[in-house]
Every structure is written in structure tokens, then in C-alpha cells.
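# A look at the structure
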Amino acid sequence: MSPNGRPKRGVPEGLWLQCPQCKATLFHKELEDRLNVCPECQYHFKISAAARINQLLDPGSFEEWFAQVSPVDPLGFVDRIPYAERIKAEQAKTGMTDAAVIGKGFIRGRSVVLGITDFAFMAGSMGSVVGEKITRAVEEATRLALPLIIVSGSGGGARMQEGILSLMQMAKVSAALARYDRAGGLYIAILTDPTMGGVAASFALQGDVTLAEPGAMIGFAGKRTIWNTVRLELPQGFQTSEFLLKHGFVDRIVPRMDLRTEVARIIDYCEH
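Report follows, based on the coordinates. Along each chain, numbering runs from 1 in the same order as the chain's sequence is written. With the structure being a predicted model, the display of local features is reserved for residues of pLDDT at least 70 and the display and counting of side-chain atom pairs for 80 or more, all residues being used for whole-chain, interface and lining totals. Note that water and hydrogens are dropped before the side-chain values are worked out from all heavy atoms of the structure.

### Details of the pairing of strand E4 (residues 100-107)
Three labels apply to residues, based on accessible area from a 1.4 Å probe with only protein chains included: buried if under 20% of the type maximum, exposed if over 50%, partly exposed otherwise in between. In this description a helix means any DSSP run of H or I spanning at least four residues, a strand means any run of E spanning at least two, and both kinds are numbered starting from the N terminus. Most of E4 is tucked away: six of the eight residues are buried. The rule for pairing is simple: two strands pair if DSSP sees at least two bridges between them. Bridge count for strand E3 (residues 63-65) against E4 is three bridges, and the pairing is antiparallel. Residue pairing across strands places Glu 64 opposite Gly 103, the latter belonging to E4. Bridge count between E4 and strand E5 (residues 110-117): eight bridges; the pairing is antiparallel. Following the sheet pairing, Phe 106 is matched in E5 by Ser 111. Hairpin remark: E4 followed by E5, antiparallel, with two residues in the connecting loop; positive phi at Arg 108, about 50°.

### Regarding the environment of Ser 154
The residue Ser 154 is located in the loop between strand E6 (148-152) and helix H5 (163-182) in this model. Between the C-alpha atom of Ser 154 and that of Ala 204, which follows or precedes it by 50 residues, the distance is 9.5 Å. Contacts of Ser 154, omitting those with residues within four sequence positions, involve Thr 117, Ala 123, Gly 124, Pro 194, Thr 195, Met 196 and Val 199. Within the local environment of Ser 154, its side chain forms a polar contact with the backbone oxygen of Gly 124, the two atoms lying 2.7 Å apart. We call two residues in contact when some of their heavy atoms are within 4.5 Å. A 3.5 Å cut-off defines polar contacts: any pair of N or O atoms within that distance qualifies, except that in protein one atom must be a possible hydrogen donor and the other a possible acceptor, and neighbouring residues in sequence count only when both atoms are side-chain atoms.

### Remarks on the sheet that holds E5
Strand order in the open sheet formed by seven strands is E3-E4-E5-E6-E7-E8-E9, with mixed pairing between adjacent strands. Edge strands, defined here as strands with exactly one partner in the open sheet, are E3 and strand E9 (252-253). Orientation is described by axes fitted as lines to C-alpha atoms, over the contacting stretch for helices, and by angles from 0 to 180 degrees between their N-to-C directions. Each of E3, E4, E5 and E6 touches helix H4 (residues 128-144); the most contacted strand, E4, lies at about 30° to it.

### What about helix H9 (residues 259-271)?
How far a helix is expected to stretch is found by multiplying one less than its residue total by 1.5 Å. Taking 1.5 Å per residue, 13 residues should reach 18 Å; H9 reaches 18 Å between its end C-alpha atoms and fits that length. Leu 259, Arg 260, Glu 262, Val 263, Ala 264, Ile 266 and Ile 267 are the residues of H9 that are buried.

### Describing the side chain of Glu 162
Relative to the elements of secondary structure, Glu 162 occurs in the loop between E6 and H5. One buried charge, Glu 162, has no salt-bridge partner; the nearest side chain with opposite charge is Arg 159, at 4.1 Å. For Glu 162, the side chain forms a polar contact with the side chain of Ser 128, separated by 2.7 Å. By the counting rule applied here, Lys and Arg register as positive and Asp and Glu as negative, while His and the ends of each chain are not counted. For this analysis, a salt bridge means a side-chain nitrogen from Lys or Arg found within 4 Å of a carboxyl oxygen belonging to Asp or Glu.

### Remarks on helix H2 (residues 49-56)
Note: α-helices contain 3.6 residues per turn, so residues at a spacing of three or four share the same orientation. Those residues of H2 that fall on the buried side of the exposure criterion are Ala 49, Arg 52, Ile 53, Gln 55 and Leu 56. Taken together, the buried residues of H2 touch E4, E5, E6, strand E7 (187-191) and H9.

### Details of the environment of Glu 63
Within the secondary structure layout, Glu 63 lies in strand E3. For Glu 63, a relative accessible area of 45% corresponds to the partly exposed category. For the pair Glu 63 and Ile 102, spaced 39 residues apart in sequence, the C-alpha to C-alpha distance is 8.5 Å. Beyond its immediate chain neighbours, meaning those up to four positions away, Glu 63 contacts Ile 102, Gly 103 and Lys 104. Polar side-chain contacts of Glu 63 include one of 3.3 Å to the side chain of Trp 65.

### Quick look at the side chain of Thr 117
Position of Thr 117 among the secondary structure elements: in strand E5. The exposure class assigned to Thr 117 is buried, which follows from its relative accessible area of 4%. Among the polar contacts listed, one links the side chain of Thr 117 to the side chain of Ser 154, at a separation of 2.8 Å. Those residues in contact with Thr 117 that sit more than four places away from it in its chain are Ala 99, Ala 100, Val 130, Val 151, Ser 152, Gly 153, Ser 154 and Phe 203.

### Looking at the state of the cysteines
We call a pair of cysteine sulfur atoms a disulfide when they lie within 2.5 Å. Within this structure, the stated rule accounts for zero disulfides. Take Cys 19: it sits in no disulfide, and the sulfur closest to it among the cysteines is that of Cys 41, at 3.6 Å. Of all cysteine sulfurs in the structure, the one in Cys 41 sits closest to Cys 38, which takes part in no disulfide; the separation is 3.8 Å.

### Observations concerning the pairing of E6
On any regular strand, side chains alternate: one points to one face of the sheet, the next to the other face. With five of its five residues buried, E6 lies for the most part within the structure. The side-chain alternation of E6 yields two buried faces, one formed by Leu 148, Ile 150 and Ser 152 and the other by Ile 149 and Val 151. Taken together, the four bridges between E5 and E6 define a ladder with parallel strand orientation. Across the sheet, the residue bridging to Ile 116 is Val 151, located in E6. The β-α-β motif built from E5, the intervening H4 and the parallel element E6 has right-handed crossover chirality. The pairing of E6 with E7 spans five bridges and is classified as parallel. Following the sheet pairing, Leu 148 is matched in E7 by Tyr 187. Call a crossover right-handed when, viewed with both strands pointing away from you, the route from the first strand across the helix to the second goes clockwise. In this region the chain leaves E6, passes through H5 and returns to the parallel neighbour E7; the handedness of that crossover is right-handed.

Printed below as a string of C-alpha cells:
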């Protein structure tokens, strides 16, 4: 109660949040206006596939493809909870059928095929649906002779609950990309935090041009796993986009607010 006897008004939940890097307290609306980039330290927050579409494509230009493709539980897998129940919980939480969204849209008036993996759905892990939708995106880009943009935000690698069916997606997507390359297509890979595991080992690092957001974690296995496997102590920050740019794995680091313009510029350069 306040001194005058009136109930104290609480601060609405979700109005403020803390930057995980610099610990600054940020006003949620201001952060959204800045494309979810911290104004103090330029930390790039994870964003949903829907937010990515709104930021990258021209307003109202996105046409989603194959939205009805949904996951199943081919192995009847059970860990802490059955896989079938986990899928339903993730779908209810995110409003997505699975971790990938694909379709066609425009970037500053240039027609492109776009694929996105979303960390919010089971860490963006690549199961059968993700592999199938990304493969279909590549095949449609080949058929329509359009530039292909894939934004990866997958920290889960291959989805263990689908076993070998999940691992097969790496080869399937890679084969589709090889056919696209032979057809003369332009593939721009955009790596966001995190891009790890089977996604990094397949389509994410096969771009003709590879862009990355600042500070993104990019690699295959984590530092502890590498140490336990081969007993190598690796340099500090060896899986950041800045380190990979220095060593030739990434072509350019592009802040989120510049991505749309930079992708349009690359398309123009490669087409002329």
C-alpha cells in the first residue's frame, strides 16, 4: 500500500528486459523499434521467424509455401516426455508447425525465395520437416531461377528424436543445393545466433555468399565436446562470427539494420 492508503500499481510484466551481454535495462518497445538490437552494446537478440520476415522482406510481400507440412513421430520416441507430446507443446508455444518457414517475397523489389529456421521451436533443430521444407525452398528457387536466401538460427543440430531420418536431411538439402548451383543460382546464407550442429554442417555453410550477424555463435560442436573428443584447447571466441570472418569462413558481418540493403546490393552485383 502507498502512504495515502491506495494500492500500489505494479509494473506490467514484459515492459522492461535486461540485455544478457551488457546488463542494461531496456524498454521493450524501444528494443523492438531497434530491430531487437541493444542500443548500449549492439547485442543482437534472437528473434522469431515472423519478425525476421518483417525485417528482411518488403512489407506484405511474403507468400508462405508448404505451411501444412507437419512433423510426425516415426520412432515412437520417448525421453522425459513422448516426442509426440513435445511437438504439440512446441506448436502451442510458438504457433508454428515446425522450426522452418519458407516462401517467396521481395527484398527492395527483388524477388527471392526465403527460408528461415527459428530457434524458438526445439532450438531450431533439423528434423524431417525442416529438411523437407528447406529442400523444397531450394528446388523452387531452382525451378523459378530466383536468388535463394536462407537465414539459419538453429542451435540444436539434427533432431535426435527422429534418428537417422533426421540425419538424412543433411545430405538431402546438400544435394538440392548442388543442383541449384549447377543451374547457376545465387545462394546467400545468413548466419544468426546460434548456427550449430547439422545445420552448420549442411546448408548454412554452403552459401555462395555467407553473411553473419555480429556476435553470432557458429560452429559444429561446442568447446566442451571438442575437448572431450580430441583433447584440443581452442582459442577464446573461436566460434564467433568475428573469429570466423578473420579466418575466411564468413564473407561479411552485417548488423541487422543493414541486412535488407546489403542482400539487395549483393543480388544486384551478382546479376549484373
